[in-house]
Amino acid sequence: MKKYIIYSLIMTLTCGLGACNNDEDVDKANSIFSTEEVDRSPFDKWILGNYTHPYNIALKYRMEDNESDMTHILAPAEYKKSVVLAKIIKHVWLEAYDEATGNPNFLRQYIPKTIHFIGSPAYEDNGTMVLGTAEGGMKITLYNVNDINPDQIDINLLNDYYFQTMHHEFAHILHQTKNYDPAFDRITENAYIGSDWYMVGADRNAWQQGFVTPYAMSESREDFVENIAVYVTNTKDYWNNMLQNAGENGRTLIKQKFEIVYSYMEQTWGINLDELREIVLRRQDDIANGYVDLSIIE
């Protein structure tokens, strides 16, 4: 577990043979800590008002080495695109859960305390592209920020790169906090293929084996959160089409697993996934139709 804010004070005491300096030379009228206010940009101030104060989140859009994955070659997120993504996340993710739970303290308690933007994707040795990571419930990293086009918002790209990723990673935090029924893991326990998931190919191939995406085939925990992410970011027609094309065996397996997922979210967290999906899709449409101010903060 990383520490995010560390205060250090180094005090040097020069002592003689018998005693150190007494406190006669100490200026007790003034603090040793600077009281000068940090010079924040308008966007930094917006983050304080929209992320830090209401949700206790440190949103880091300037890439920091100590927050980054040093095993990948990464590029910083561009300022303008960071502003756009920060506004999108607030509307489509944070406020969606506020609305679904009716509890403004829900996210404040369970949301990761750091969100870190990276401009480029993180490429693995097998050619796959990492879009997001969650670390022990403390931090979510979102990659590929620089692919956003502020002048032409593509809702499908946002869904693939960010919306599903955000719900996927937050679902990890939820099940790491309160685990789901282990019966889920046993339904397709012999079909998980680890890091070879990318070889499955088209989504339909995964559907027919009882998985909502090829990545869900990597391991049971990824399977569990992919069910949530895919369900709440896609329409009812999409879900029904998936079940139809999964065939009898695939459809049965997906339904068995999703029943556990649906029950877990409702009974453990008080979140109805149908209601959450309706909220998320409406808020996605708000972005697509230009109803949300995505102007640059300067």
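Nothing here was measured: the structure is a model prediction, and the numbers come from that model.

Asks: Just give me the short version of the pattern of salt bridges, but keep the residues and values in it.
Replies: In total, this model carries 10 salt bridges according to the counting rule given. Across the pair K81 and E78 runs a salt bridge, and its minimum N-O distance is 3.8 Å. Residue K81 is classed as buried on the basis of its relative accessible area of 15%. Overall, the relative accessible area of 39% leaves E78 in the partly exposed class. Residue E99 pairs with R283 through a salt bridge whose shortest N-O separation is 3.0 Å. Taken together, the positions of E99 in helix α2 (residues 79-101) and R283 in helix α10 (residues 273-288) put the pair 184 residues apart, joining distant regions of the chain. Residues joined in a network through salt bridges with shared partners are K90, E95, E99, R282 and R283.

Asks: Describe the sheet that holds strand β6 (residues 139-142), listing the residues and the values that go with them.
Replies: Taken in spatial order, the four strands make up an open sheet running β1-β2-β6-β5, and their pairing is mixed. At either end of the open sheet lies a strand with only one pairing partner, and these are β1 (58-60) and β5 (132-135). Neighbour-to-neighbour, the strand axes of this sheet turn through a mean angle of 15°, independent of strand direction. Of the strand pairs in this sheet, strand β2 (residues 114-117) and β6 are connected by four bridges, and their pairing is parallel. The partner of T114 across the bridge, within β6, is K139. Seen against the sheet, helix α4 (residues 155-177) touches β5 and β6 and runs at an angle of roughly 160° to β6.

Asks: Summarise the nonpolar core; cite the residues concerned and give the values.
Replies: Counting residues in each nonpolar core, the largest one holds 77 residues, and the members touching the most others are Y51, W93, F117 and F170. The contact partners of W93, leaving out residues within four places of it in the chain, are I88, I111, I115, I140, M166, H167 and F170. Among the nonpolar cores identified, the runner-up in size contains five residues, and L74, I118, V130 and Y143 belong to it.

Asks: Summarise the confidence of the model for the chain; cite the residues concerned and give the values.
Replies: In this model, the chain carries an average pLDDT of 84, and 84% of its residues clear a pLDDT of 70 or more. Throughout residues 1-23 the model reports pLDDT below 50, and contacts reaching past four residues in sequence, or to other chains, amount to 12 contacts. Note that pLDDT drops below 50 for residues 26-36; the model gives that stretch two contacts with residues more than four away or on any other chain.

Asks: A description of the packing of helix α8 (residues 236-245) against helix α9 (residues 247-269) should follow, citing residues and the corresponding values.
Replies: Two elements in contact, α8 and α9, have axes whose closest approach is 7 Å; the angle formed by their N-to-C orientations is 135°. Relative to α9, α8 is oriented oblique. In contact with W239, M242, L243, Q244 and N245 of α8, α9 contributes G247, R251, I254, K255 and F258. In terms of residue class, the contact of α8 with α9 is built from five nonpolar, three polar and two charged.

Parameters and conventions
- Residues numbered from 1 in each chain as written.
- Predicted model: local features only at pLDDT ≥ 70, side-chain atom pairs only at ≥ 80, totals over all residues.
- Heavy atoms only, no water.
- Salt bridge = Lys/Arg side-chain N within 4 Å of Asp/Glu carboxyl O.
- Buried < 20%, exposed > 50% of the residue type's maximum accessible area, 1.4 Å probe, protein only.
- Helix = DSSP H or I, 4+ residues; strand = E, 2+ residues; numbered from the N terminus.
- Pairing = 2+ DSSP bridges.
- Axes fitted to C-alpha atoms, helices over the stretch in contact; angles between N-to-C directions.
- Contact = heavy atoms within 4.5 Å.
- Core = buried A, V, L, I, M, F, W, Y, C linked by side-chain atoms within 4.5 Å.
- pLDDT = per-residue confidence, 0-100.
- Parallel < 35°, antiparallel > 145°, perpendicular 65-115°, else oblique.
- Nonpolar A, V, L, I, M, F, W, Y, C, P; charged D, E, K, R; others polar.

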